[in-house]
Number of protein chains: 2
Amino acid sequence: MSLPHALLGLLAVRPSSGYELAKAFEGDLGRYAWQAGHTSIYPELGKLAERGLVEVTHEGPRGSRTYAVTPEGRDELRTWLLTPPRQAAKVRNERVLRMFLLSVLDPADALEVLRRITEHTAAEAAELRRIRSDAGPVVAPGAEGFGQLAAEYGLRQYEAVHSWALWAIEQLESRAAAAS
Amino acid sequence: MSLPHALLGLLAVRPSSGYELAKAFEGDLGRYAWQAGHTSIYPELGKLAERGLVEVTHEGPRGSRTYAVTPEGRDELRTWLLTPPRQAAKVRNERVLRMFLLSVLDPADALEVLRRITEHTAAEAAELRRIRSDAGPVVAPGAEGFGQLAAEYGLRQYEAVHSWALWAIEQLESRAAAAS
DNA sequence: CTCTGACATGTCAACATTTACATGTCAGCG
DNA sequence: CGCTGACATGTAAATGTTGACATGTCAGAG
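Residues numbered from 1 in each chain as written. Chains lettered and ligands numbered in written order. Predicted model: local features only at pLDDT ≥ 70, side-chain atom pairs only at ≥ 80, totals over all residues. Heavy atoms only, no water.

### Structural notes on the domain arrangement of chain A
Test applied: Throughout the structure description, domain borders are defined by an automatic or database domain assignment.
Per the domain assignment, the segments making up chain A are domain 1 (2-82) and domain 2 (94-179). A straight line from the C-alpha centre of domain 1 of chain A to that of domain 2 of chain A covers 29 Å.

### Focus: the protein's contact with DNA strand C
Our working definition: Here a residue counts as near a molecule or strand whenever at least one of its heavy atoms sits within 4 Å of it. For this analysis, a polar contact is any N or O atom pair within 3.5 Å, provided that within protein one partner can donate a hydrogen and the other can accept it, and provided that sequence-adjacent residues contribute only side-chain to side-chain pairs. Counting from the N terminus, the helices are the DSSP runs of H or I reaching at least four residues and the strands are the DSSP runs of E reaching at least two. Lys, Arg, Asp and Glu make up the charged group, whereas Ala, Val, Leu, Ile, Met, Phe, Trp, Tyr, Cys and Pro make up the nonpolar group; the residues left over, Gly among them, are polar.
Surrounding DNA strand C, one finds 16 residues, the nearest of these being B:Tyr19, B:His38, B:Thr39, B:Tyr42 and B:Arg65. Close to the protein, within 4 Å, the atoms of DNA strand C belong to sugar or phosphate groups at a rate of 68%. In the model, a base oxygen of DNA strand C is placed 3.3 Å from a nitrogen or oxygen of the A:Thr39 side chain. Contact between DNA strand C and B:Tyr19: a phosphate oxygen at 2.6 Å from a main-chain N or O atom of the residue. Mapped onto the surface near DNA strand C, the elements with two or more residues apiece are α4 (38-50) of chain A together with α2 (18-24) and α4 (38-50) of chain B. A class-by-class count of the residues in the surface near DNA strand C yields three nonpolar, eight polar and five charged.

### Here's the deal with the sheet that holds strand β1 (residues 16-17) of chain A
Residues and elements named next belong to chain A. Where we set the bar: Two strands pair under a simple rule: DSSP has to find at least two bridges between them.
Ordered in space as β1-β3-β2, the three strands form an open sheet in which the pairing is antiparallel. Bordering the open sheet on either side are β1 and β2 (54-59), each of which pairs with just one other strand. Relative to strand β3 (residues 65-69), β2 runs antiparallel, the two sharing five bridges. Paired with Val-56 across the two strands is Tyr-67, which belongs to β3.

### Quick word on the pairing of strand β3 (residues 65-69) of chain B
Residue and element names in this part refer to chain B. Keep this limit in mind: Whether a residue is buried, partly exposed or exposed follows from its accessible area with a 1.4 Å probe, protein chains only, as a fraction of its type maximum: under 20%, in between, or over 50%, in that order.
For β3, the buried fraction is high: four of the five residues fall into the buried class. Sheet topology note: the strand β1 (residues 16-17)/β3 ladder contains two bridges and is antiparallel. Residue pairing for β3: Ser-17 is matched across the bridge by Thr-66. Between strand β2 (residues 54-59) and β3, which pair antiparallel in sequence order, lie five residues; one of them, Arg-62, sits at a positive phi of approximately 55 degrees.

### Points about the environment of A:Tyr42
All names here are of chain A. Checked against the element boundaries, Tyr-42 lands in helix α4. The class for Tyr-42 is partly exposed, based on a relative accessible area of 40%. On a C-alpha basis, the gap between Tyr-42 and Leu-21 in space is 9.5 Å, while along the polypeptide they are 21 residues apart. Here Tyr-19 takes part through its backbone nitrogen, which lies 3.4 Å from a polar atom of the side chain of Tyr-42.

Structure representation (structure tokens):
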């Protein structure tokens, strides 16, 4: 279960409220890496606080509470990141699953889906390139997102899927030509 | 919830027993796309059979039952694949999460992790290239795996992560040099 | 013939996650 | 001042997933 580590990681970047953490999962983090809604975040923050890995450092308006990682939390996070993932690291990605199952469609349907993928990935990649061009330092996370490291990862991801989809279209079309 | 669709997809490729389906999730499918253990597969096959999307076509030795998709199941699968995923498609990937959190480590630790990633991705990519070289037709799924489409996807994925990790190492090292 | 390991299916309790419900604050607009 | 929408936190039931336990078959090695 990686949610506690995701929260520790976010809080290690910057102390935040549960609400802000929930917002973070709506961005790149939730898009590529790990999803969570506020209904799992709030209870989990409570558990982490009980274990002494995070603490409330500030109470603001509208009942907001700002959490920060404790030194123990930082240790836990560092240990987790430095321990190589078991080969059974959890993976669940609906989009990728769809790509895997594409070959069960007949070629016309598959081509349609692949074309949509090329359009989508091209648009997302363009957006990330745009963001990159007006960005700050590379390792320090910017105010709005989760650092250039993550943005660059997403960009390369989209480029790879884009080129894969183009390749797949070519394969399908050349097979169709050969069969005719 | 994508498990039923994953099962329909696998059965659309080739009728299989629950045991064989569980094996399939241990390969590329479970590595990149979707995980499931036999404890979720058997009950889900039961539900799909109740809904008339799959049926038992053969009973073999040791109580094995071979399932196949029905025409209704094929319809359901096709409809799902052709419906564009909601923007909230489920994503959960522990390895990617680790990469996102990398920037909270101090540079020496981060470099260590990145180096391990480059080694790991290089090895996996080499393995996939090896498999590709002794492979059959591109779209039809081979006996052992889930088609060349998926293998090619995995290969490009590893190459992208590999090149990202090299880039990230360079960034960290140049920052370290600038800071000294 | 016995042992081992792969084949094959299943249940159930514990745990994690999602969906729906529920409540209240505060800033800005008209 | 009332409305709206973002801010902010929570609970509870339903659902989904994992891990531990349980059972039994069959082929091949020794």
